[in-house]
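Summary of the model geometry
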Amino acid sequence: MRPFLTLHHPAAARAHYEAGLWRRETLYGLLATHAEARPQAPAARDGTRTLGWRALRDWVDGVAAHLDGALGIGAGERVAIWAGNRLETLVLFLACARQGIACNPSLHRTYTSDEIPPRLTALSARALLSEPGWGADRLADPVARFGGLPGLAAVLTPAGFPGPGAAPGPAVDDPDKVAYLAFTSGTTGTPKCVMHSDNTLLANARDLVRDWGHGPDSVILTLSPLSHHIAWVAVAQWLVAGALLVTDDPPAGTGRLDWILGNGATYVLGVPTHAMDVLAAARERGLDALGAVRCFYMAGAPIPPAVAEAFVRLGVRPQNVYGMTENSSHHYTHPDDPTEVIVETCGRGGRAYAIRLFDPADPDRPAAPGAIGEIGGRGAALMLGYFGNQAATEASFNRDGWFLSGDLGMIDARGDLRVVGRSKDLIIRGGHNIHPARIEALALRHPAVQRAAAFPVPDERLGERVCLAVIGEIGAEALLAHLAAEGLSRYDMPEWFLRLDAFPLTASGKVLKRELAAMARAGTLRPEPVRRAGAGEA
């Protein structure tokens, strides 16, 4: 196997194994176990087919044989995916995992075809799976476009994708190998490429499956695309639980609500925008339940209280999640948490990841008790570093080995984590630190506000002032009155206001606030000045 430069450390690995957080299980090994134990049970479904566990394993084996024989791709090399939520994507990933090949499925549909070659070069990718009509520019022929790139042995498409077949010898059974690569979503700069092993992915999945009681009777449906890490959190839980996995690939003309109901989904994963869309469709039909759904996972943005309450009325427990590509969904609420904990916090998470808060001005010093600090973490769910980027890897840790998230948070009296924003999002108004996430969270408590984003507007006198942009039918005066009633300090009040129909988003659904700020500076967006009565001037 070709080596990777990673953070894997023998002493830390030994501790994870002794604690039961890492095991001698691999992603492919779990697939093979289910195939032997329940060969005909439904395992995976996209918009055109459902495969049982044995049929899925046989297809994975056939693709693994093609990678090994026809393409000559060996353990430690890389394969990339720029394709949709069809089963071929899942099968290729598992085939790579079987062979010890690191697979990167995180090339988003929002990319143009010109953005793909630099990423393939960065990976030294040996093969690419794509499909005609994919990408922002709807590339007609991926084979013609990418086939001549240096080092690329093949461009696979659904039309020529290998079928089931015999396995090419024993599977690589090392659960500590690099199996998964993913570019970060890039909300603050150039994306980095995260490395995960089977064990680092499965450690978080085991926590989630145990704490939420998923099992072979569960139907796990991801509304997040297979290019986003949330979908792979779903995949890891699926393999641990032996459940049925349904991808976001509904047939043409089928809405997401019908896809959820028709598949009997019990556990749905997505971002709050997905949840809002599903709830709106359910309201239009006058539904008093969401079919068989019992849990709705939401990550990537604060959960509006109205959304959480609407789910509770439908008999669904919202799962408020905090995490990153680097450490998966490590903090999450639990089934027995009260609604206020679900809305206001990201819970207490599981055993596979520990957090500590550090002084934002000195990340080597712990934050004072009860104070806001930068969220640091370490544990069995943590990545193995950034592929080919020692500088970025080193800069992401403090001197004691805690991974620095760049997010600010506080831990309440119950031990639940409250995320208050990104350290780089901090708005400094005349020397006063303002946390945009608090303003956004309070704004979302108003039933007319669907989404909110607070960002800085330059000011000659004070340096920065707060602009609050919202999606929803509410005016500036009413919103400021609401924020005051919710307890927002007059020193933190927005002084500029925007009402928009849509926000610029990353491929994973996160608001690109830097683009909003740039558009305001350029005059493309024109915020209106506002002031809460009695706020005064600093």
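Notes on the structure in this doc start here. (Residues numbered from 1 in each chain as written. Predicted model: local features only at pLDDT ≥ 70, side-chain atom pairs only at ≥ 80, totals over all residues. Heavy atoms only, no water.)

Moving on, we come to the overall build of the chain. Along the chain, the regular secondary structure elements total 16 helices and 25 strands. Its C-alpha radius of gyration of 23 Å places the chain within 12% of the 24 Å reference for a compact globule of 538 residues. Going through the 538 residues of the chain one by one, you find that 56% of them count as buried. Each charge sign in the chain was given a centre, from 52 positive and 56 negative side chains, and these centres are 1 Å apart. (Helix = DSSP H or I, 4+ residues; strand = E, 2+ residues; numbered from the N terminus. Rg over C-alpha atoms; globule rule 2.2 N^0.38 Å. Buried < 20%, exposed > 50% of the residue type's maximum accessible area, 1.4 Å probe, protein only. Lys, Arg positive; Asp, Glu negative; His and termini not counted. Charge placed at Lys NZ, Arg CZ, Asp CG, Glu CD.)

The calculated volume of the second largest pocket comes to roughly 600 Å³. In terms of lining, the second largest pocket is formed by 29 residues, of which the most central are Asn-85, Arg-109, Pro-225, Asp-248 and Arg-256. Broken down by class, the residue content of the lining of the second largest pocket amounts to eight nonpolar, 13 polar and eight charged. (1 Å grid on protein atoms, 1.4 Å probe; cavity = no way out; pocket = protein on both sides within 12 Å on 5 of 7 lines; lining within 4 Å. Points joined across faces, edges and corners; volume = space filled by probe spheres on them. Nonpolar A, V, L, I, M, F, W, Y, C, P; charged D, E, K, R; others polar.)

This brings us to the sheet that holds strand β12 (residues 295–298). The strand order β2-β1-β10-β9-β11-β12-β13-β14 describes an open sheet built from eight strands, whose pairing is mixed. Only two strands of the sheet have a single partner each, and these edge strands are β2 (50–52) and β14 (328–332). Averaged over all pairs of adjacent strands, the angle between strand axes in this sheet comes to 25 degrees, irrespective of strand direction. Its contacts with the sheet put helix α3 (residues 53–68) on β1 (42–45) and β2, and the angle it makes with β2 is roughly 90 degrees. (Pairing = 2+ DSSP bridges. Axes fitted to C-alpha atoms, helices over the stretch in contact; angles between N-to-C directions. Contact = heavy atoms within 4.5 Å.)

Once that is clear, we can look at the sheet that holds strand β25 (residues 528–529). Spatial ordering of the open sheet is given by β22-β23-β24-β25, a layout of four strands whose pairing is mixed. Looking along the sheet, the strands with just one partner apiece sit at the ends: β22 (449–459) and β25. Note that strand β24 (residues 496–499) and β25 share two bridges and pair antiparallel. Across the sheet, the residue bridging to Trp-496 is Pro-529, located in β25.

Evaluated as defined, the whole model comprises eleven aromatic pairs. A ring pair is formed by Phe-93 and Trp-232, whose centres lie 4.4 Å apart and whose planes are at 45 degrees; its orientation type is tilted. Remark: Trp-232 occurs in helix α8 (residues 229–241) and Phe-93 occurs in helix α4 (residues 87–99); sequence separation between them is 139 residues. There is no split in this pair, since Phe-93 and Trp-232 are both buried. (Phe/Tyr/Trp six-rings, centres within 6.5 Å; stacked < 30°, edge-to-face > 60°.)

Quick look at the environment of Pro-251 now. Structurally, the position occupied by Pro-251 is in the loop between β10 (244–246) and α9 (256–262). When the C-alpha atoms of Pro-251 and Val-341 are compared, they prove to be 37 Å apart, with 90 residues separating the residues in sequence. Apart from residues lying up to four places away in sequence, Pro-251 is in contact with Gly-47 and Trp-259.

Glancing now at the pattern of salt bridges. Here the structure, examined in full by the defined rule, presents 29 salt bridges. The partner of Arg-256 in a salt bridge is Asp-248, and the shortest N-O contact between them spans 2.6 Å. Since its relative accessible area comes to 12%, Asp-248 is described here as buried. One salt bridge in this structure joins Asp-258 and Arg-285, with 2.7 Å as the shortest N-O distance. Residue Asp-258 is located in helix α9, and its partner Arg-285 is located in helix α10 (residues 272–285); the two are separated by 27 residues in the primary sequence. Judged by relative accessible area, Arg-285 falls into the partly exposed class, the value being 45%. A single network of salt bridges, built from pairs that share partners, joins Asp-46, Arg-49, Arg-86, Glu-88 and Glu-131. (Salt bridge = Lys/Arg side-chain N within 4 Å of Asp/Glu carboxyl O.)

Before going further, it helps to spend a moment on unusual backbone geometry. Its identity is not glycine, yet Ser-124 carries a phi of approximately 55 degrees, on the positive side. If you check the backbone angles, Arg-138 has positive phi at about 50 degrees while not being a glycine. Tracing the backbone shows Arg-138 in the loop between β5 (125–130) and α6 (142–146).

Take the packing of helix α2 (residues 27–37) against α4 next. Their axes nearest at 8 Å, the elements α2 and α4 cross at an angle of 110 degrees. The orientation of α2 with respect to α4, classified from their angle, is roughly perpendicular. Taking contact as the criterion, the partners of Leu-27, Tyr-28 and Leu-31 in α2 are, on α4, Phe-93, Leu-94, Ala-97 and Arg-98. (Parallel < 35°, antiparallel > 145°, perpendicular 65-115°, else oblique.)

Note that Ala-413 resides in the loop between β18 (403–411) and β19 (417–422). Each C-alpha atom, one on Ala-413 and one on Ala-205, is 27 Å from the other, the two residues being 208 residues apart in sequence.

In short, shape yes, function no, at least from these values alone.
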